[in-house]
Amino acid sequence: MLYVIGIGPGSQATMTMEALDAINDAEVIVGYKTYTHLVKALTVGKEVIKTGMCKEIERCLAAIELAQTGKKVALISSGDAGIYGMAGLILELVTKQNLDVEVRLIPGMTASISAASLLGAPLMHDFCHISLSDLLTPWEVIEKRIIAAAQADFVICFYNPRSRGRADHLERAFELMKPFKAAATPVGVVKSASRKKQEKWITTLGDMDFEPVDMTSLVIVGNQSTYEQNGLMITPRGYEV
Ligand code: SAH
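Residues numbered from 1 in each chain as written. Predicted model: local features only at pLDDT ≥ 70, side-chain atom pairs only at ≥ 80, totals over all residues. Heavy atoms only, no water.

Every one of the 19 residues lining the ligand counts as a neighbour, but Ser78, Ile83, Thr110, Met215 and Ser217 are closest to it. Residue Pro9 places a main-chain N or O atom 3.1 Å away from a nitrogen atom belonging to the ligand. Here Ser78 contributes a backbone N or O atom positioned 2.8 Å from a nitrogen atom of the ligand. The protein chains hide 94% of the 550 Å² of surface that the ligand would expose on its own. Its residues assigned to classes, the shell around the ligand comprises ten nonpolar, seven polar and two charged. A domain-level breakdown of the shell around the ligand finds at least three residues from each of domain 1 (2–106) and domain 2 (111–234). (Near = heavy atom within 4 Å. Polar contact = N/O pair within 3.5 Å; in protein donor to acceptor, adjacent residues only side chain to side chain. Areas by Shrake-Rupley, 256 points an atom, 1.4 Å probe, with all protein chains shown as cover. Nonpolar A, V, L, I, M, F, W, Y, C, P; charged D, E, K, R; others polar. Domains from an automatic or database assignment.)

Under the defined criterion, the tally for this structure stands at three aromatic pairs. An angle of 85° between the planes, with centres 5.1 Å apart, marks the rings of Phe174 and Phe210 as edge-to-face. Taken together, the residues Phe174 in helix H7 (residues 169–177) and Phe210 in the loop between strand S10 (199–204) and strand S11 (217–221) connect sequence positions 36 residues apart. Phe210 carries the same exposure label as Phe174, and that label is buried. (Phe/Tyr/Trp six-rings, centres within 6.5 Å; stacked < 30°, edge-to-face > 60°. Helix = DSSP H or I, 4+ residues; strand = E, 2+ residues; numbered from the N terminus. Buried < 20%, exposed > 50% of the residue type's maximum accessible area, 1.4 Å probe, protein only.)

With that out of the way, let us pick up unusual backbone geometry. For residues other than glycine, phi is negative in most cases, and the peptide bonds are mostly trans. Notably, Tyr84 is not glycine yet its phi reads approximately 50°, a positive angle. Looking at the element boundaries, Tyr84 is found in the loop between strand S4 (73–77) and helix H4 (87–96). The phi dihedral of Asn160 is positive, around 45°, even though this residue is not glycine. Asn160 sits in the partly exposed class, given a relative accessible area of 24%.

This is the structure:
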């Protein structure tokens, strides 16, 4: 059995009961070390295989091989495993190679949902997710999607917004949105949602300071109706109030 588990953004309180049960049932836990650390209290006495960043294919193959030996294995991702996580890769490997392993996917709360509730209610209308990581996606494709999403007035949640290796991506994304979104459009940033170092702030498209944004951050850019009031970011659904 191979459980592919989304453990939510950080704290155990934001994990589902289903994820908790699957971790309890598993004999071996496999995951990137930040994530295995987040579930440390739940994995006492279990075999824990910590891996570094990258090496995703090796990590998934190791988990599949272990499951094939008859062990109950839990591969954990932060947030939801099906959103920029390991779920897709596991299913690609298992289906393409026609492997005999039972895979059970356990959903988790993705970062955008967690960040949104900390900021207010910015996702009340149509929204999309865009990852600014060009490790697996060509940058031209990412640019095309940013422009299309801004043009269509989606609220946009940026994952992987900024790292040392790609310090300018978020700034470039903001430049691309400017012809379609007003400078006063609210922007919410949440760092380390549900984790010890949680931080959040609200600014605007025009006043955005990119420097404090890093890989632990989620950035939400509003649509043309989004506003800030009393420190809350609100996207109206359209009710008359
Ligand atoms: N599977 C994860 C996303 C992995 S991609 C999910 O569903 O949430 C990694 C990116 O997710 C980070 O760069 C960041 O943009 C975002 N992220 C993940 N956890 C976060 C958290 N606790 N707080 C803020 N952003 C987070």
